[in-house]
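Here is how the chains run, residue by residue.
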Amino acid sequence: MPHPARPPIGLHLAGSARGISRAFDEALAEAGGSTPSWLILISLKTRRLGNQRELAAAVGIRGATLTHHLNAMEDDGLVRRRRDPANRRVQQVELTEKGETAFLAMRDAAVAFDRRLRDGLTEAELAAFESVLDRLHDNVVPAEGDARGEG
């Protein structure tokens with residue numbers, strides 16, 4: 001069997017994604033954060049989330065995993081949880097003043113990291129890259145609501 005002229009695109013993409021993800025984790029760590037805490041903080045800042053269930057869905061993690069992260073963030077004074085007066089079974093999550101400060105530091109790190117990623121790329125190259133990523137996604141991920149991908 002002849003070797004392919006190029007490595008499989010999925011392998012190349014996965015390797016690039018892992019390396020970029022590690023570099024992003026390091027950039028956030030230098031700002032005093034982590035990817036999970038950044039995702040939680042930015043979700044709290046940019047969306048009107050009423051409770052932990054909505055927050056878990058916005059971040060894309062399971063409720064138990066979110067609880068683990070929120071426990072640590074609450075211990076660090078970044079978020080505060082309180083019972084919803086209308087439904088005592090529901091936990092409301094909000095940023096504290098320290099959480100606002102942490103959000104700003106991580107936001108600056110994320111913006112600087114994004115600038116590094118974009119360095120030397122033209123707007124046309126970025127648009128083409130995003131288009132290719134979308135197409136790769138659509139090639140392998142079924143359209144929402146259609147298990148066969150024929151949406």
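Our structure's up above, just so we're on the same page.
So, how was this worked out
Residues numbered from 1 in each chain as written. Predicted model: local features only at pLDDT ≥ 70, side-chain atom pairs only at ≥ 80, totals over all residues. Heavy atoms only, no water. Helix = DSSP H or I, 4+ residues; strand = E, 2+ residues; numbered from the N terminus. Buried < 20%, exposed > 50% of the residue type's maximum accessible area, 1.4 Å probe, protein only. Pairing = 2+ DSSP bridges. Salt bridge = Lys/Arg side-chain N within 4 Å of Asp/Glu carboxyl O. 1 Å grid on protein atoms, 1.4 Å probe; cavity = no way out; pocket = protein on both sides within 12 Å on 5 of 7 lines; lining within 4 Å. Points joined across faces, edges and corners; volume = space filled by probe spheres on them. Nonpolar A, V, L, I, M, F, W, Y, C, P; charged D, E, K, R; others polar.

Structural notes on the environment of Val111
Mapped onto the elements of the fold, Val111 is located in helix H5 (residues 97–118). A residue is classified by how much of its surface remains accessible, and Val111, at 38% relative accessible area, is partly exposed. In this structure the C-alpha to C-alpha distance between Val111 and Glu144, which are 33 residues apart in sequence, comes to 30 Å.

Digging into the pairing of strand S2 (residues 87–95)
Of the pairings in the sheet, the one linking strand S1 (residues 79–84) to S2 comprises 6 bridges and is antiparallel in character. Considered in S2, the bridge of Arg83 is made with Gln91.

Quick notes on the pattern of salt bridges
For the coordinates displayed, the defined rule picks out 6 salt bridges. One salt bridge connects Asp108 with Arg107, and the closest N-O pair in it is separated by 3.6 Å. Judged by its relative accessible area of 47%, Asp108 is partly exposed. Salt-bridge contacts for Asp114 lead to Arg118; the nearest nitrogen and oxygen are separated by 2.5 Å. Of this pair, Asp114 and Arg118 both sit in helix H5, 4 residues apart, which is roughly one turn of the helix. Taking relative accessible area as the criterion, Asp114 reaches 32% and is therefore assigned partly exposed. Where salt bridges share partners, they join Arg80, Arg82 and Glu94 into one cluster.

A word on the layout of surface pockets
Gaps between atoms show up when a probe of the same size as a water molecule is rolled over them. Within this model, the largest pocket holds a volume of roughly 420 Å³. As for the largest pocket, its lining consists of 16 residues, and the residues nearest its centre are Leu13, Ser16, Ile20, Phe129 and Leu133. Put simply, the parts of the chain that give the lining of the largest pocket at least two residues each are helix H1 (9–30), H5 and helix H6 (123–140). Classifying every residue of the lining of the largest pocket gives 11 nonpolar, 2 polar and 3 charged.

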